Amino acid sequence: MVKRYLKVMPLDDVLALLAREFSCTPSTEIVPLEAASGKVTAHPIFGSYSVPEIHLAAMDGIAVVSEETKGASEQHPVTLQKVGRVNTGNVVPPGYDAVIMIEDVWETEGKFTIRKAAAPWQHIRPAGEDLAESEMVMPSRHLVRPHEIGALATYGITRLDIITVRIGLIPTGSELVPAGTRPAPGQVVESNTVMAKAMLETVGARCTRYPFVEDKPEKIRNAVAKVCNENDIVIVSAGSSAGTKDYTADVIADLGEVLVHGIATKPGKPAIIGRVENKPVIGLPGYPLSALTVIRELVLPFLQNYGLAVPDPVVVRAGITSAVAKEIGSDEFVLCTLGKIGERWTVSPLSKGAGVQMSAVRANAYIRVPRESEGFNAGDVVDARLMVPIREAENALLVTGSHDPVLDYLADLLRPAGFFLISTHVGSMGGIIALKKDECHAAPTHLLSPDGTYNTAYLRKYLPGTAIDLICVAGRQQGVVSKTGLSFADLPGRAFINRQQGSGTRMLLDHELKKAGIDPASMPGYEREVTTHIAAALAVKSGEAEAGLCVYSAAKALGLPFVPVSQERYELAIRREHADDPRIRALVKAIRSPEFKTILNRLGGYDTSETGLLRTVP
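Residues numbered from 1 in each chain as written. Predicted model: local features only at pLDDT ≥ 70, side-chain atom pairs only at ≥ 80, totals over all residues. Heavy atoms only, no water.

A short note on the sheet that holds strand E10 (residues 111–114)
Phase 1: Strand order across the open sheet formed by 3 strands is E6-E10-E9, with antiparallel pairing between neighbours. Of all the strands in the sheet, just strand E6 (78–80) and strand E9 (105–108) have a single pairing partner and so form its edges. Each neighbouring strand pair of the sheet contributes to a mean axis angle of 35 degrees, computed without reference to strand direction.
Phase 2: One ladder, built from 3 bridges, connects E6 with E10; its direction is antiparallel. (Pairing = 2+ DSSP bridges. Helix = DSSP H or I, 4+ residues; strand = E, 2+ residues; numbered from the N terminus. Axes fitted to C-alpha atoms, helices over the stretch in contact; angles between N-to-C directions.)

So, in structure tokens, the structure goes:
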């Protein structure tokens, strides 16, 4: 058995080791011209003929012998005896060495008179002007750009030898099922090699996903040996950690040698670098975000050594909204949401869970916390690396606060207008604090005051003197979700799933508990928190809890009974100073649209009588 782990190595040292230990000789393949954009040339490309192949007229006019035009002027016009009528692109007849534009010629009874001499080769495209026969069109290791395809076609190039790297992807695990299969308990949809193939082929690699391999050492060994024989690089998904069924390191050691087992990154620490038949074999961690980090930070940069064009991410300087703490010794990569508030970039860290793939879906940027750092404080300006085009990041609309499923529908309505709503679920109070710090465009809130009003009292308290617009999304029903139709009075003694402190739902719950004289301690699970209405309903559906408090639409979506407790006012708070931002205007327009009201009515549990209504504070 190979020792687990070997000495954990810094990421930069691992990249240097890969470059040093492997020859990184790429494979080549021939592709048709139409498929060559974005590929890298394997060899120089030469023209097989000249362009143009013969002298051509560059203007409509007459072909002349320049010597015969000497002395022509306004005072001394010259009538030419020998001319050839040509149009643009025509072959210039032999014996002629210039073209005079037809506008500068006077024709009378078939004779042509000029009043200005022509210089030799005037208005003629000489043979080989664009490209001479045997001239190099492109060198090797050239990234073919889309607009160059037309030029290559002109030069007679129909097929290109391009660089590629053949990568074999081996998914391992007895629990795996293919994408499109609903996994049973204990099963996992195999997604790591699907993701790896998509990411690696964007830079020109040629990836093959091999059949799933059971957690049996001899089967994994046979698969790695076979795939090594057929590819330049082998990537084994899962089995790289230290569990009882993690065999990848042992298999690599048996077939060759393990160079690295443990990289100082988080996520991604269990990754393996090995050598089998002088080819790199890389072991990916099983957790999807760990695998993503290893592919992005290790495999893609390594492919540059083969000559593939791997673009660097666009980096912007952004203020971070919350602290990120870590221990010294590892580079940590944190997925984030990024947007521009006025002229300032703002970046907010998402969940760090290595298995939370929705973080990768929601993220449009990420940050690297260097291994020698203990982290960042809220407000620090950091390098944010974009995962989307810069224009998309500039058009991001940051919505931070209370969760509601309708926010996703608003995001969908905004897409045709070119805006990208990104919602972060931190509860109503968290949203108001973000608004106070000017770290979001809009804060969804539904905070109930003791006097029975919603939102305004909290905005006056936490943003005194700040002009705020409140856009009503809807009145919405909050109630008890359960499998058996429990009412609020039935909650004592029932396993409960709660929302996080600072959320409007949590405040509503505590308000109603106090009013009903129910002690929270009588509800097992009261301290367990989730951040969305869907998560609360899902905990009930899965049997983790008997009851929770959520909006009607979440209960309906999961087919669960719902007993109303209260109707509340769900609004978006917006700083008035940003009211003219095109993203804010588009958001308000979407809320007021007939399409949005139709969605609310279809989802159920929403009162749309005041949807789109504007209130101001103060």
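A look at the packing of aromatic side chains
Phase 1: Evaluated as defined, the whole model comprises 4 aromatic pairs.
Phase 2: Measuring from centroid to centroid gives 6.4 Å for Phe-22 and Phe-302, while their planes differ by 65 degrees, and the two rings are edge-to-face. In this pair, Phe-22 sits in the loop between helix H1 (11–21) and strand E1 (27–32) while Phe-302 sits in helix H6 (residues 288–303), placing the two residues 280 residues apart along the sequence.
Phase 3: Residue Phe-22 is classed as buried on the basis of its relative accessible area of 6%.
Phase 4: The class of Phe-302 is buried, set by a relative accessible area of 0%.
Phase 5: The interplanar angle of 75 degrees and the centroid separation of 5.3 Å between the aromatic rings of Tyr-552 and Phe-562 together place this pair among those described as edge-to-face. (Phe/Tyr/Trp six-rings, centres within 6.5 Å; stacked < 30°, edge-to-face > 60°. Buried < 20%, exposed > 50% of the residue type's maximum accessible area, 1.4 Å probe, protein only.)

With respect to unusual backbone geometry
Phase 1: Cis peptide bonds are those with omega within 30 degrees of zero, and the linkage from Lys-266 to Pro-267 qualifies with -5 degrees.
Phase 2: Mapped onto the secondary structure, Pro-267 falls in the loop between strand E20 (265–266) and strand E21 (272–276).
Phase 3: Cis geometry marks the peptide bond from Val-617 to Pro-618, where omega comes out at -5 degrees.
Phase 4: Among the structural elements, Pro-618 can be located in the segment after strand E39 (614–617).
Phase 5: Positive phi is not limited to glycine here, since Cys-24 has a value of about 55 degrees.
Phase 6: With respect to the helices, strands and loops of the structure, Cys-24 is situated in the loop between H1 and E1.
Phase 7: The class of Cys-24 is buried, set by a relative accessible area of 8%.
Phase 8: Despite not being glycine, Ser-134 has its phi angle at roughly 75 degrees, a positive value.
Phase 9: Mapped onto the secondary structure, Ser-134 falls in the loop between strand E11 (124–125) and strand E12 (136–138).
Phase 10: The exposure class of Ser-134 is exposed, given its relative accessible area of 53%.

Structural notes on the pattern of salt bridges
As a working rule, side chains carrying opposite charge can pair if their charged atoms are close by.
Phase 1: As enumerated under the stated definition, the model contains 34 salt bridges in all.
Phase 2: Glu-610 is the salt-bridge partner of Arg-569, the closest N and O atoms lying 2.5 Å from each other. Linking Arg-569 in strand E37 (residues 562–575) with Glu-610 in the loop between strand E38 (606–607) and E39, this pair joins segments that are 41 residues apart in sequence.
Phase 3: On the basis of relative accessible area, Arg-569 is assigned to the buried category, the value being 18%.
Phase 4: When salt bridges with common partners are traced through the structure, they connect Arg-20, Glu-21, Glu-257 and Arg-275 into a single cluster. (Salt bridge = Lys/Arg side-chain N within 4 Å of Asp/Glu carboxyl O.)

What to know about the layout of surface pockets
Phase 1: The computed volume of the largest pocket comes to approximately 830 Å³.
Phase 2: As for the largest pocket, its lining consists of 30 residues, of which Arg-296, Leu-300, Pro-311, Pro-313 and Tyr-366 are closest to the centre.
Phase 3: Among the elements of the structure, H1, helix H3 (192–201), H6, strand E27 (365–369) and strand E29 (381–386) are those that each provide at least two residues to the lining of the largest pocket.
Phase 4: Looking at which element gives the most residues to the lining of the largest pocket, the answer is H6, with 5 residues.
Phase 5: Here the residues of the lining of the largest pocket are counted per class, giving 21 nonpolar, 3 polar and 6 charged.
Phase 6: Computed from the structure, the second largest pocket encloses a volume of approximately 530 Å³.
Phase 7: The wall of the second largest pocket is formed by 22 residues, among which Pro-349, Leu-350, Thr-424, His-425 and Val-426 lie closest to the centre.
Phase 8: Where the lining of the second largest pocket is concerned, the elements lending two or more residues are strand E26 (344–349), helix H7 (357–362), strand E31 (420–425) and helix H10 (427–436). (1 Å grid on protein atoms, 1.4 Å probe; cavity = no way out; pocket = protein on both sides within 12 Å on 5 of 7 lines; lining within 4 Å. Points joined across faces, edges and corners; volume = space filled by probe spheres on them. Nonpolar A, V, L, I, M, F, W, Y, C, P; charged D, E, K, R; others polar.)

Quick word on the environment of Thr-445
Phase 1: Looking at where Thr-445 falls in the secondary structure, it is placed in strand E32 (residues 443–445).
Phase 2: When the C-alpha positions of Thr-445 and Lys-352 are compared, they lie 25 Å apart, and in sequence the two are 93 residues distant.
Phase 3: Not counting chain neighbours up to four residues away, the residues in contact with Thr-445 comprise Ser-402, Ser-428, Ile-432, Asn-455, Leu-470, Arg-569, Tyr-570, Glu-571 and Ala-573.
Phase 4: Here Asn-455 takes part through its side chain, which lies 3.1 Å from a polar atom of the side chain of Thr-445. (Contact = heavy atoms within 4.5 Å. Polar contact = N/O pair within 3.5 Å; in protein donor to acceptor, adjacent residues only side chain to side chain.)

With respect to H10
Phase 1: When you tally the buried positions in H10, you get 7 out of 10 residues, the bulk of the element.
Phase 2: Within the span of H10, buried status applies to Gly-427, Ser-428, Met-429, Gly-431, Ile-432, Ala-434 and Leu-435.

Some details on empty space enclosed by the protein
One water molecule sets the probe size; rolling that probe over the atoms shows where empty space is left.
Phase 1: This structure, assessed with the given rule, holds 1 cavity of 30 Å³ or more.
Phase 2: One number sums up the size of the largest cavity: a volume of about 40 Å³.
Phase 3: Contributing to the lining of the largest cavity are Leu-11, Ile-263, Thr-265, Gly-268, Thr-293, Val-294, Glu-297 and Leu-298.
Phase 4: Looking at side-chain class alone, the lining of the largest cavity contains 4 nonpolar, 3 polar and 1 charged residues.

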